[in-house]
Amino acid sequence: MNREVTLPLIVDDRGTLQVAAADVSKLLRTVGGRWLHLVEAGEGLDEDTVAALTIELAKLADRIDVACIAHSSGSTP
């Protein structure tokens, strides 16, 4: 299953970001890392599923980072 997730950047009338995207991408990476830690600790999570979900969270975090870089540079991704 391959579904695209679109996350619009939230900006005000002046183009200022209203969401701390760096915090969101950090949170996504942290959640994935925590899941991997739970697998390593033998908490009974399916390793393949956790790996796949962690990869997808990292991809989403990357997309958020790229969109923010594009926004701050005045270009579109």
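In this text, all values refer to a predicted model and were calculated from it rather than measured experimentally. (Residues numbered from 1 in each chain as written. Predicted model: local features only at pLDDT ≥ 70, side-chain atom pairs only at ≥ 80, totals over all residues. Heavy atoms only, no water.)

**Here we look at the nonpolar core**
Piece 1. By size, the foremost hydrophobic cluster in this structure holds seven residues: Ala21, Leu28, Leu57, Leu60, Ala61, Ile64 and Cys68.
Piece 2. Elements that contribute at least two residues to this core include exactly α1 (21–40) and α2 (47–73).
Piece 3. Tallying contributions element by element places α2 first for this core, with five residues. (Core = buried A, V, L, I, M, F, W, Y, C linked by side-chain atoms within 4.5 Å. Buried < 20%, exposed > 50% of the residue type's maximum accessible area, 1.4 Å probe, protein only. Helix = DSSP H or I, 4+ residues; strand = E, 2+ residues; numbered from the N terminus.)

**Thoughts on the pattern of salt bridges**
Here the idea is simple: oppositely charged side chains can pair when their charged atoms come close.
Piece 1. One pass over the full model with this rule turns up three salt bridges.
Piece 2. Linking arginine 29 and aspartate 62 is a salt bridge whose minimum nitrogen-to-oxygen distance equals 2.8 Å. Linking arginine 29 in helix α1 with aspartate 62 in helix α2, this pair joins segments that are 33 residues apart in sequence.
Piece 3. The class of aspartate 62 is partly exposed, set by a relative accessible area of 39%.
Piece 4. Of the charged contacts in the structure, one is a salt bridge between glutamate 56 and lysine 59, with a shortest N-O distance of 3.3 Å. (Salt bridge = Lys/Arg side-chain N within 4 Å of Asp/Glu carboxyl O.)

**A look at the packing of α1 against α2**
Piece 1. Their axes nearest at 9 Å, the elements α1 and α2 cross at an angle of 165 degrees. By the angle between their directions, the pair α1 and α2 is classed as roughly antiparallel. The crossing of α1 and α2 is left-handed. Here α1 contributes Ala21, Val24, Ser25, Leu28, Arg29, Val31, Gly32, Trp35, Leu36 and Val39 to the contact with α2, which in turn contributes Glu47, Val50, Leu53, Thr54, Leu57, Ala58, Leu60, Ala61, Asp62, Ile64, Asp65 and Cys68.
Piece 2. Among the residues forming the contact of α1 with α2, the class breakdown is 15 nonpolar, three polar and four charged. (Axes fitted to C-alpha atoms, helices over the stretch in contact; angles between N-to-C directions. Parallel < 35°, antiparallel > 145°, perpendicular 65-115°, else oblique. Left-handed = near helix turned anticlockwise from the far one by under 90°. Contact = heavy atoms within 4.5 Å. Nonpolar A, V, L, I, M, F, W, Y, C, P; charged D, E, K, R; others polar.)

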